[in-house]
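Overview (structure and organization)
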Amino acid sequence: MPRASDILVILTYAMVAIVAALAFDRFGLMSAELAWMMGALVFLIGGQVHASVARAEERKVFEDEIHQLKAANLTMLDELSAAQDRIDALAETATASPSAPVVEAPAALELNQPLAASSGDAHGADERLVAEILARLDGGRGAPMEAQAPDAADLVRRALDDNRVDLYLQPVVGLPQRRTYFYEGYTRIRDESGQVIAPVTFLKAAEEAGLITDVDNLLLLRCVQIVRRLTKSDRRVGVFCNVSIRSLADEDFFPAFLDFLRRNSDLAGALIFEMPRAQFENRSALAARNMARLADFGFRFSIDQVNDLNIDLAELQRAGVRFIKVAGDRLIAAAHGAEPIAGREPGALRPEDVAGLFARYGVDLVAEKIESESTVVEVLDLDVAYAQGHLFGAPRPVRDEVISEADNKLRRAAG
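Below is a summary of the structure that appears in this document. (Residues numbered from 1 in each chain as written. Predicted model: local features only at pLDDT ≥ 70, side-chain atom pairs only at ≥ 80, totals over all residues. Heavy atoms only, no water.)

Topic: the overall build of the chain
- Secondary structure assignment for the chain yields 15 helices and nine strands.
- Counting all 415 residues of the chain, 40% fall into the buried class.
- Sequence-distant contacts, at least 24 apart, represent 68% of the contacts inside the chain between residues at least 6 apart.
- Accessible surface for the chain amounts to roughly 22400 Å². Of this, 57% is attributable to carbon and sulfur atoms. (Helix = DSSP H or I, 4+ residues; strand = E, 2+ residues; numbered from the N terminus. Buried < 20%, exposed > 50% of the residue type's maximum accessible area, 1.4 Å probe, protein only. Contact = heavy atoms within 4.5 Å. Areas by Shrake-Rupley, 256 points an atom, 1.4 Å probe, with all protein chains shown as cover.)

Here's what the structure looks like:
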């Protein structure tokens, strides 16, 4: 049934059309028949314009409702998960033996306690804040090791205690010039003999032992230090900083994390937080809200470990995701019709239009794992803006003296 406002608008257009026809006829601008035809044309054009505006408004309302439903679903899932945890805890309590000894939970890691803001100027406050984090890292972690993967978890803990954590950087270049526009920062840890431990080993152990926020915090500090050095010579250079979605949903870690970034919001254009696609798509409502808070300060996000391009671009845009990293070979195959892209049927897009589709949602494609010149030639045909891989440079450790100099400066600032 038409709304009253629509009926009034139609009547208004009809009146305008009649007045226009009478005016054309009255002033002798055209014959009576032609004048009434022009009036009818005015009425039809006005009706089409109104219909287009109405459809646009309805589409916007529909999209907003879908977005609200998605947010409500995320919140509901978070609440259901919390309720299930409480049910499981009650079930364990009910089935436990009455004589079972009570074991105290280990104390929370000091690094995850909220950090108090220091007085003084903004730069001094930043240095004292970072120094406090470094001091807590050096202060040791007395919490007992978790039962899962005890050897690997203990290795990670000792590496953090002994500051055997390195920052590696790999260039991300612009095409076709191959100028370095970004670096990706990786955390690498060494054992007592100096051997670098495979990331898949220590990251899994850190997740299971509850140490991932420590690793993320240290990587953040290193990335901020490097970004400040890089932007002194070229403010266009940025760093992709890997972060776990668990850290973004950690109620102890995130307030200090956010406060530190707020104090360094001048780096928002140069610091991009990266996470795997699976973590992004399975993020909790709390993690989604915290990502939105970071985006409010101007920080952007990147998604890697993308196994296919059938992805919701509107959701990426709403979440502040500005980069998608896809293996070069997979990107080439998808662009040539091997799989659906952003809801389109395989082959529905021309290969050279794929990057443009993502760009319309504010997302740049990064072709990663580039190993050969032949792959570069095919990627160039897709009009992809950025590329990464050993062909352009392998991940290399930042010199120890650079990090040591920055750490010593921060410790001196802490007194």
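Examining a nonpolar patch on the surface
- Taken together, Ile 7, Leu 8 and Leu 11 make up a surface patch of nonpolar side chains, about 290 Å² in accessible area.
- With respect to the helices, strands and loops of the structure, Leu 11 is situated in helix H1 (residues 4–26). (Patch = residues over 30% accessible without salt bridge, like charges linked within 9 Å, V, L, I, M, F, W, Y side chains within 5 Å. Salt bridge = Lys/Arg side-chain N within 4 Å of Asp/Glu carboxyl O.)

Thoughts on the pattern of salt bridges
- With the rule as written, the count across this model stands at 18 salt bridges.
- A salt bridge links Glu 192 to Arg 164; its shortest N-O distance comes to 3.7 Å. Here Glu 192 is found in the loop between strand E2 (179–189) and helix H5 (199–208), whereas its partner Arg 164 is found in the loop between helix H4 (150–161) and strand E1 (165–174), with 28 residues between them in sequence.
- Judged by relative accessible area, Glu 192 falls into the exposed class, the value being 51%.
- In this structure, Asp 308 and Arg 277 form a salt bridge, with 3.3 Å as the shortest nitrogen-oxygen distance. You can see Asp 308 sitting in the loop between strand E5 (300–304) and helix H11 (313–319) and its partner Arg 277 sitting in helix H9 (residues 277–281), a full 31 residues away along the chain.
- Given a relative accessible area of 28%, Asp 308 falls into the partly exposed group.
- Counted as one network, the salt bridges with shared partners bring together Asp 154, Arg 158, Asp 162, Arg 164 and Glu 192.

Things to note about the nonpolar core
- Membership of the largest hydrophobic core comes to 65 residues, with the highest contact counts inside it found for Leu 271, Phe 273 and Leu 294.
- Top element by residues in this core is helix H6 (residues 212–233). It accounts for seven residues.
- Apart from the residues lying within four places of it in its own chain, the contact partners of Phe 273 are Leu 220, Cys 241, Val 243, Phe 257, Leu 261, Leu 294, Phe 299, Arg 300, Phe 301 and Ser 302. (Core = buried A, V, L, I, M, F, W, Y, C linked by side-chain atoms within 4.5 Å.)

Some details on helix H12 (residues 328–338)
- What H12 keeps buried is the set Gly 328, Leu 331, Ile 332, Ala 334 and Ala 335. End-on view of H12: buried residues confined to an arc of 165 degrees, all on one side of the axis. Exposed side chains of H12 directed beyond 90 degrees from the buried face belong to Asp 329 and Ala 338.
- Looking at the buried positions of H12, the neighbouring elements they touch are strand E6 (321–327), helix H13 (354–359), strand E7 (364–368) and helix H14 (373–381). (Arc of directions from axis to C-beta.)

Topic: the packing of H6 against helix H8 (residues 253–263)
- Two elements in contact, H6 and H8, have axes whose closest approach is 11 Å; the angle formed by their N-to-C orientations is 5 degrees. By the criterion of interaxial angle, the relationship of H6 to H8 is roughly parallel. Packed against H6, whose contacting residues are Thr 213, Asn 217, Leu 220, Leu 221 and Val 224, the element H8 presents Phe 253, Phe 257, Phe 260 and Leu 261 at the interface.
- Tallied by class, residues from the contact of H6 with H8 come to seven nonpolar, two polar and no charged. (Axes fitted to C-alpha atoms, helices over the stretch in contact; angles between N-to-C directions. Parallel < 35°, antiparallel > 145°, perpendicular 65-115°, else oblique. Nonpolar A, V, L, I, M, F, W, Y, C, P; charged D, E, K, R; others polar.)

What about the side chain of Thr 187?
- With respect to the helices, strands and loops of the structure, Thr 187 is situated in strand E2.
- Overall, the relative accessible area of 9% leaves Thr 187 in the buried class.
- Thr 187 has contacts with Val 165, Asp 166, Phe 202, Val 215 and Leu 219, leaving out every residue within four places of it along the chain.

Considerations on the packing of H8 against helix H10 (residues 285–296)
- H10 packs onto H8 with a crossing angle of 10 degrees between their chain directions and a minimal axis gap of 10 Å. Looking at the two axes, H8 sits roughly parallel to H10. You can see that H8 and H10 cross each other, and the crossing is right-handed. On H10, the residues touching Phe 254, Phe 257, Leu 258 and Leu 261 of H8 are Asn 290, Arg 293 and Leu 294.
- Of the residues belonging to the contact of H8 with H10, the class tally is five nonpolar, one polar and one charged. (Left-handed = near helix turned anticlockwise from the far one by under 90°.)

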